[in-house]
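One letter stands for each residue in the lines below.
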Amino acid sequence: MQGKSGIRTRAVHAGESPDPATGALATPIYQTATFAYPSVEQAAARFAHREPGYVYTRYGNPTNAAFEAKLAELEGAEAALAVASGMAAVTTAILASVKAGDHVVAGRSLYSSTQTFLSGRARDFGIEVTFVDPSDPQNFKDAVRPHTRLFYIETPGNPTLQITPLAAVSDIAREAGIRTLADNTFATPINQRPRAFGIDAVIHSATKYLGGHGDLLGGVIAGSREFIDRVWPVHIELGAVLSPFHAFLITRGMQTLPLRIAAHNQNALAIARFLENHPLVARVTYPGLPSHPQHATAIRQMTGFGGVICFEVADAEKGRRVMNAVRLCTLTVSLGDTKTLICHPASMTHAHVASDLRLTAGISDGLIRLSVGIEDPEDLMEDLDQALRD
Ligand code: LCS
């Protein structure tokens, strides 16, 4: 697949071609644990990477390889590695980047399990972590120590939608010889390609927009060939392998990624404007609104602003009432589905994050997160309006 092709062409075709054995046009699900070797000599050559060929699904699988190639193509990366979940991508990529005694600078607005991994288990393993307000690149620069090895970025951040200026942060990192890793789950490569702004490696929870239909868990890490070669042995040992069936579903979902993301972008912008003008809504946060504090940065690095909106109602009690009153929106965690999902981070996704950390990260008790789906926007507005007036 040529890089010159349009994004929709690449989303459909990259990483996939008719099965050489049968001509099957859809990528087959190679639902197998292992692969038979033609001879012991060839087995030895495959294990030693002297010859291409599959050996065991934890080491690689052709269905997973189709997903890896498609994602690498869309992210503008040399290589990618599929893993079992977004958290497998986060932890495997971080553990491949740092060891005991190293220091990480991370943005403060992170998915809760990433936050607890960095502030808990990573520290237990002797990895030092400093959390900074990621909207100002100077904060990353000021936090650098002689043993800093990684800048960890999530932009837009979950759930506050804080934006990290990718180019400025990657410039600081490059000067200091520090690796940069960005979680691009919220934006997807359709709205933002961090590597075009100098970021070294990208991760995704494929559970969200890549799969897109809320029916699987998956993850992926993409970057230079050298970085993926470094991540691969860590993945072999940690063993969070993506099921080939899930890889099939993600690859299938990604064929419509540009179409779905266009619909998510359009719906979310319309609903963000509607909520901003609603008398019962105190505040709306959406990177596509001029009222977003980093709107200018978002415009510089994103071509669309995604499907997630945060808004605040009068207080936590009103928030709970709104969520219990919605009919079309579904009260649940996760995001990136065709269906609109609504959640209350303080009592759900971020309930296990210490309240001071939660508040510093901008997650107030009254914050509601909306993952806008691809339904008709008028229907969603009607549902939100009746719930707000309940
Ligand atoms: N990165 C981001 C930005 C996420 O939002 C999530 C999950 C993950 C990584 C982890 O992905 P997983 O292991 O679940 O595939 N975010 C969730 C959320 O906001 N609600 O439920 C899960």
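Quick caveat: nothing in here was measured; it's all calculated off a predicted structure. (Residues numbered from 1 in each chain as written. Predicted model: local features only at pLDDT ≥ 70, side-chain atom pairs only at ≥ 80, totals over all residues. Heavy atoms only, no water.)

What to know about the side chain of glutamate 375
Along the chain, the position of glutamate 375 falls in the loop between strand S12 (367-371) and helix H15 (377-388). Ignoring sequence-local partners within four residues, the contact set of glutamate 375 consists of Asn267, Thr338, Lys339, Thr340 and Leu380. (Helix = DSSP H or I, 4+ residues; strand = E, 2+ residues; numbered from the N terminus. Contact = heavy atoms within 4.5 Å.)

Some points on the site of the ligand
Residues in close proximity to the ligand total 18 residues, the closest being Gly86, Asp183, Ser205, Thr207 and Arg369. Contact between the ligand and lysine 208: a nitrogen atom at 3.4 Å from a side-chain N or O atom of the residue. Of the residues that constitute the shell around the ligand, the class distribution is five nonpolar, nine polar and four charged. Mapping the shell around the ligand onto the domain boundaries places at least three of its residues in each of domain 1 (7-254) and domain 2 (257-388). (Near = heavy atom within 4 Å. Polar contact = N/O pair within 3.5 Å; in protein donor to acceptor, adjacent residues only side chain to side chain. Nonpolar A, V, L, I, M, F, W, Y, C, P; charged D, E, K, R; others polar. Domains from an automatic or database assignment.)

A word on the state of the cysteines
Applying the stated criterion across every chain yields a total of zero disulfides. Counting only cysteine sulfurs, cysteine 343 is the nearest neighbor of cysteine 310, a cysteine outside any disulfide, at a range of 8.2 Å. (Disulfide = S-S within 2.5 Å.)

Notes on the packing of helix H13 (residues 316-325) against H15
At a minimum axis distance of 8 Å, the contact between H13 and H15 shows a crossing angle of 135°. The orientation of H13 relative to H15 falls into the category oblique. Pair H13 / H15 crosses with right-handed handedness. In contact with Lys318, Val322 and Ala325 of H13, H15 contributes Gln386, Ala387 and Leu388. The residue inventory of the contact of H13 with H15, partitioned by class, reads four nonpolar, one polar and one charged. (Axes fitted to C-alpha atoms, helices over the stretch in contact; angles between N-to-C directions. Parallel < 35°, antiparallel > 145°, perpendicular 65-115°, else oblique. Left-handed = near helix turned anticlockwise from the far one by under 90°.)

Describing a negative patch on the surface
Residues Asp376, Glu378, Asp379 and Glu382 make up a contiguous surface patch of negative charge. Examined against the element boundaries, aspartate 379 turns out to sit in helix H15. (Patch = residues over 30% accessible without salt bridge, like charges linked within 9 Å, V, L, I, M, F, W, Y side chains within 5 Å. Areas by Shrake-Rupley, 256 points an atom, 1.4 Å probe, with all protein chains shown as cover. Salt bridge = Lys/Arg side-chain N within 4 Å of Asp/Glu carboxyl O. Lys, Arg positive; Asp, Glu negative; His and termini not counted. Charge placed at Lys NZ, Arg CZ, Asp CG, Glu CD.)

Quick notes on the domain arrangement of the protein
Per the domain assignment, the segments of the protein are domain 1 (7-254) and domain 2 (257-388). For domain 1 versus domain 2, the separation of C-alpha centres amounts to 26 Å. Listed per partner, the contact involves 41 residues of domain 1 and 43 residues of domain 2. Interface area, domain 1 with domain 2, both sides summed: about 3200 Å², of which 63% is carbon and sulfur. (Buried area = accessible area lost by both parts, 1.4 Å probe.)

Regarding the packing of helix H11 (residues 257-276) against H15
Helix packing geometry: the angle between the two helix axes and the distance between the axes. The interhelical angle for the contact between H11 and H15, taken along N-to-C directions, is 30°, at an axis separation of 10 Å. On the basis of the axis angle, H11 is roughly parallel to H15. As for the relative orientation of H11 and H15, their crossing is right-handed in sense. Between H11 and H15, the residues in contact are Asn267, Ala270, Ile271, Phe274 and Leu275 and Pro377, Leu380, Met381, Leu384, Asp385 and Leu388, respectively. The residue inventory of the contact of H11 with H15, partitioned by class, reads nine nonpolar, one polar and one charged.

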